[in-house]
Amino acid sequence: MTRRLTTAQAIIQYLQQQHVERDGVEHRFFAGCFGIFGHGNVAGIGQALEQDRGLRYYLCRNEQAMVHTAAAFAKMTNRLQTLACTTSIGPGATNMITGAAAATINRVPVLLLPGDIFARRNVAPVLQQLESPASQDISVNDCFRPVSRYWDRIYRPEQILTSLPEAMRVLTSLADTGAVTLALPQDVQAEAGDYPEDFFARRVWHIPRPRGDAAAFARAIDWIRASRRPLIVAGGGVLYSEASENLARLASRTGIPVAETQAGKGSLRFDHPQCLGAMGVTGTPGANVCAREADLVIGIGTRYSDFTTASKTAFQNPEIRFVNINVAEFDALKHSALPLVADARVALEALADTLAGYRIDADYAARVDRFRAEWENEVDRIYDARHGPPLSQGEVIGAVNQVSAESDVVVCAAGSLPGDLHKLWRTRDPRGYHLEYGYSTMGYEIAGGLGIKMADPGREVWVMVGDGSYLMMAQEIVTSVAEGVKLNIVVLDNHGFSSIGGLSRACGAEGFGTEYRFRSGGELAGAVLPVDLAHNAESLGACACRVRTHEQLVEALTACRRHDRTSVVVVETDINARVGGYESWWDVPIAEVSQRPSVEAARPGYLDGRKKERYFF
Ligand SMILES: Cc1ncc(C[n+]2csc(CCOP(=O)(O)OP(=O)(O)O)c2C)c(N)n1
Ligand SMILES: [Mg+2]
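The text that follows walks through the structure, step by step, so that each part is easy to find. Every value quoted in this text rests on a predicted model; they were computed, and no experiment measured them.

What counts and what doesn't
- Per chain, the residues get numbers from 1 upward, laid out in the order the sequence is written.
- By the order in which they are written, chains take letters starting at A while ligands take numbers starting at 1.
- Local features in this predicted model are restricted to residues whose pLDDT is 70 or higher, and side-chain atom pairs enter the listing and the counts only when it is 80 or higher, whereas totals over whole chains, interfaces and linings include all residues.
- To get the side-chain values, take all heavy atoms of the structure and skip hydrogens and water.
- Between Lys or Arg on one side and Asp or Glu on the other, a salt bridge is scored when a side-chain nitrogen of the former is within 4 Å of a carboxyl oxygen of the latter.
- Numbering of helices and strands starts at the N terminus; helices are DSSP runs of H or I of at least 4 residues and strands are runs of E of at least 2.
- Only protein chains enter the accessibility calculation, which uses a 1.4 Å probe; a residue whose area is less than 20% of its type maximum is buried, one above 50% is exposed, and one in between is partly exposed.
- Any two strands between which DSSP finds at least two bridges are classified as paired.
- Axes here mean lines fitted to C-alpha atoms, for a helix over just the part in contact, with angles spanning 0 to 180 degrees between N-to-C directions.
- Residue contacts are counted whenever heavy atoms from the two residues lie within 4.5 Å of one another.
- The rule for donors is simple: an N, O or S atom within 2.8 Å of the metal counts, and for Na, K and Ca the reach is 3.2 Å. Water is not among the atoms, so a site may look short of donors.
- Think of the arc as the fan of directions from the helix axis to the C-beta atoms.
- Pairs of N or O atoms within 3.5 Å make up the polar contacts considered here, provided that, within protein, one atom can donate a hydrogen while the other can accept it, and that residues adjacent in sequence are counted only when both atoms are side-chain atoms.
- To be near a molecule or strand, a residue needs just one of its heavy atoms within 4 Å of it.
- Per-residue accessibility takes into account occlusion by the displayed protein chains alone, with areas from the Shrake-Rupley method and a 1.4 Å probe.
- With a 1 Å grid spanning the protein atoms alone, the term cavity applies to any set of points in which a 1.4 Å probe fits but cannot get out, the term pocket to an open set with protein on both sides within 12 Å along at least five of seven lines, and the term lining residue to any residue with an atom within 4 Å of a point.
- Occupancy of a cavity or pocket is assigned to a molecule whenever over half of its atoms lie within 2 Å of that pocket's grid points.

Turning to the pattern of salt bridges, a few remarks are in order. One pass over the full model with this rule turns up 41 salt bridges. In this structure, Glu 583 and Arg 292 form a salt bridge, with 2.8 Å as the shortest nitrogen-oxygen distance. Separated by 291 residues along the polypeptide, Glu 583 in the loop between strand 23 (567–572) and helix 24 (597–610) and Arg 292 in helix 11 (residues 285–293) bring together distant segments of the chain. The exposure class of Glu 583 is partly exposed, given its relative accessible area of 45%. Relative accessible area serves as the criterion here: at 31%, Arg 292 is assigned to the partly exposed category. Salt-bridge contacts for Arg 517 lead to Glu 515; the nearest nitrogen and oxygen are separated by 2.7 Å. The class of Arg 517 is partly exposed, set by a relative accessible area of 27%. Beyond isolated ion pairs, a larger network of salt bridges with shared partners links Asp 116, Asp 137, Asp 142, Arg 145 and Arg 153.

Structural data, given as structure tokens:
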């Protein structure tokens, strides 16, 4: 028994039959297909989607954005669902590369179906083809190879019989998931094959909860019992595993404090008695001092990025050891750790049972209490600052936090907001804090917000975005309006890059080229540009307003929550009112030689900082 279908039709039929199951709950894996049509996919995947409405088509405005939307959707569903993305050949395809890199770095599944040049070749070079004098087996889609966890090019209709199951294996893999790219030559998409009926049978991919090695577990228990200053570092794996309650129980029983990475923030409620909040470059004093002194770090579902490890300066105790719980062996072994290659929830459950009777000493517990109390005061101070106008970013974060409900989600990705949110946002729900800080892609925010809201329409989504990120990619407001997917977007307009401007000054480079100003006297140092982002948002179909004072902001945010159309609040913020760092450091190399005294002055401090960088053998 066979079905005669084009390659594209067969792909679309196959995708609809893929399901995942975890803990007895099944989901269809692909909730739809985003895309933009061009000659490279309109007659192939486009025709297939039109004919078969079982996989809903969503029209986006930019191919990069739709990959972010798919990635955010996948992250919001704990990687149990995603969206497919179809493009034409050439620029439509390569627009997805940034999104692919972001998805792969963040370990979230997205299926990319870029169109490709003709397999038949006789009509080459076709519109948008990159020719090579060295090979006919090269196209721009080869650029996806390093940013994809699985990559294939389909030259013949029957190749999908083996390629699609491989794509699914990777997409549903705990350790290997990320962007999967199947490059689809334009002619092959429209070519028919006789596909076996069985290929289109309903298929369920079971997502395991690996239990890990018993001997490694026993050793980990010994290490924890022997430790005096243990610290848990909670990463994104805690959330993907839905292990928040298990973590809360372990922390309560043992008293071991918990520090959170960007991806792991929300693992505990902000007011859990063991929650020290953010750690690393953008961390709280409590988390960073405890990390500095820890003799044992239990890293759960973390990649140990430089923002978490403060460029390897975070852990200074000479006796420090690491126990890493991770589904990926690659991460489990980082910092020469004792690796527990296991699911976070399963491992935390077992740890809580086996560690009965273990508790951190009273001194350490009292210290954690003190750090927490001091930090809450500091957050109140920053939330309640009545700076300006223009307002400080910290008080805007406070206003959004206070207007938002417990189940609302905040989303962000780049600029100075991620660091301030990491420190200041009071997270009350494991899914309430969504940061793309693996690739920190300017432009992720609105596109990502769309994916979050699509994944969980019952929640209000707060997109917090700087003017720089907004200007890079705001066009998905149009998609949100078209689809009736309502977003609350707060644009913090400080007329440039507070983040990189500050960094530039710290490097002695005086904020060069980081503000949105008219060119004057040869420099970008003239008056602030009269860019009206509220009108811009309104022109894209959103409700929009501009506010200046704290009262206006709270009023606008409250109104936003009640609207049923995407709403944008533009608030002017002071580019120089920064929250600053606490007890941490980041390695950004300063020029070794320079004609500027400010650069030369910055260099010794940098070299000093580097002395604290450690290797763990
Ligand atoms: C696509 C991309 N390009 C460049 C960067 C480097 N970068 C990080 S933050 C930033 C400026 C962000 O400006 P804005 O969104 O206004 O935030 P602010 O710094 O003012 O808080 C830049 C250019 C990046 N993260 N992503
Ligand atoms: Mg800005």
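Turning our attention to the sheet that holds strand 22 (residues 543–547). On the basis of which strands lie adjacent, the open sheet formed by six strands has the order 19-18-20-21-23-22 and parallel pairing. Each end of this open sheet is capped by a strand with a single partner; those strands are strand 19 (433–435) and strand 22. For this sheet the average axis-to-axis angle between neighbouring strands, irrespective of direction, equals 20°. Here strand 22 pairs with strand 23 via five bridges, running parallel. Its bridge partner lying in strand 23, Arg 546 is registered against Val 570. Sheet strands in contact with helix 16 (residues 393–403) are strand 20 (461–466), strand 21 (488–493) and strand 23, and its direction is about 170° off that of strand 20. Here helix 23 (residues 550–562) sits on the sheet and contacts strand 20, strand 21, strand 22 and strand 23; the angle it forms with strand 23, its principal contact strand, is near 165°.

It is worth spelling out the sheet that holds strand 4 (residues 30–35) at this point. Here six strands make up an open sheet; going across it, the order is 5-4-6-7-9-8 and the pairing parallel. Every other strand in the sheet has two partners, leaving strand 5 (57–59) and strand 8 (150–153) as the edge strands with one partner each. Strand-to-strand, the axes of this sheet are offset by a mean angle of 20°, without reference to chain direction. Two elements, strand 4 and strand 5, share three bridges in a ladder whose sense is parallel. Across the sheet, residue Gly 35 finds its bridge partner in strand 5, namely Leu 59. Each of strand 4, strand 7 (110–116), strand 8 and strand 9 (179–185) touches helix 6 (residues 160–171); the most contacted strand, strand 9, lies at about 160° to it.

The next point concerns the coordination of the magnesium ion (ligand 2). Around the magnesium ion (ligand 2), the protein supplies Asp 467 (OD), Asn 494 (OD1) and Gly 496 (O) as donor atoms, at distances of 2.0 Å. Considered as a linear motif, the donors of the magnesium ion (ligand 2) on their single chain read D-x26-N-x1-G. A residue pair is termed long-range when its members are at least 10 positions apart, and Asp 467 in helix 19 (residues 467–472) and Asn 494 in the loop between strand 21 and helix 21 (498–506) qualify at 27 residues. For the pair shown, Asp 467 and Asn 494 are each scored as buried.

Looking at helix 21, one finds that the buried residues are Ser 498, Gly 501 and Ser 504. Seen along its axis, helix 21 keeps its buried residues to an arc of 130°; they face one direction. Just beyond helix 21, the residue with positive phi is Gly 508, at close to 85°.

Below, the discussion takes up the side chain of Thr 284. As for its placement among the helices and strands, Thr 284 is situated in the loop between strand 14 (275–278) and helix 11. According to the relative accessible area criterion, Thr 284 is buried, its value standing at 1%. In this structure the side chain of Thr 284 is engaged in a polar contact, spanning 3.2 Å, whose partner is the backbone nitrogen of Ala 287. The residues contacting Thr 284, other than those within four sequence positions of it, are Leu 276, Gly 277, Ala 278, Trp 375, Lys 423 and Tyr 582.

Quick look at the site of ligand 1 now. Surveying the vicinity of ligand 1 reveals 15 residues, the closest of which are Ser 416, Ser 440, Asp 467, Gly 468 and Ser 499. In this structure, an oxygen atom belonging to ligand 1 sits 2.9 Å away from a side-chain N or O atom of Asn 494. In the environment of ligand 1, an oxygen atom lies 2.9 Å from a nitrogen or oxygen atom belonging to the backbone of Ser 498. Relative to its unbound accessible area of 590 Å², ligand 1 is 77% covered by the protein chains. For ligand 1, the cavity whose grid points lie within 2 Å of the majority of its atoms is the largest pocket. Looking at the shell around ligand 1, the elements that each hand over two or more residues are helix 19 and helix 21.

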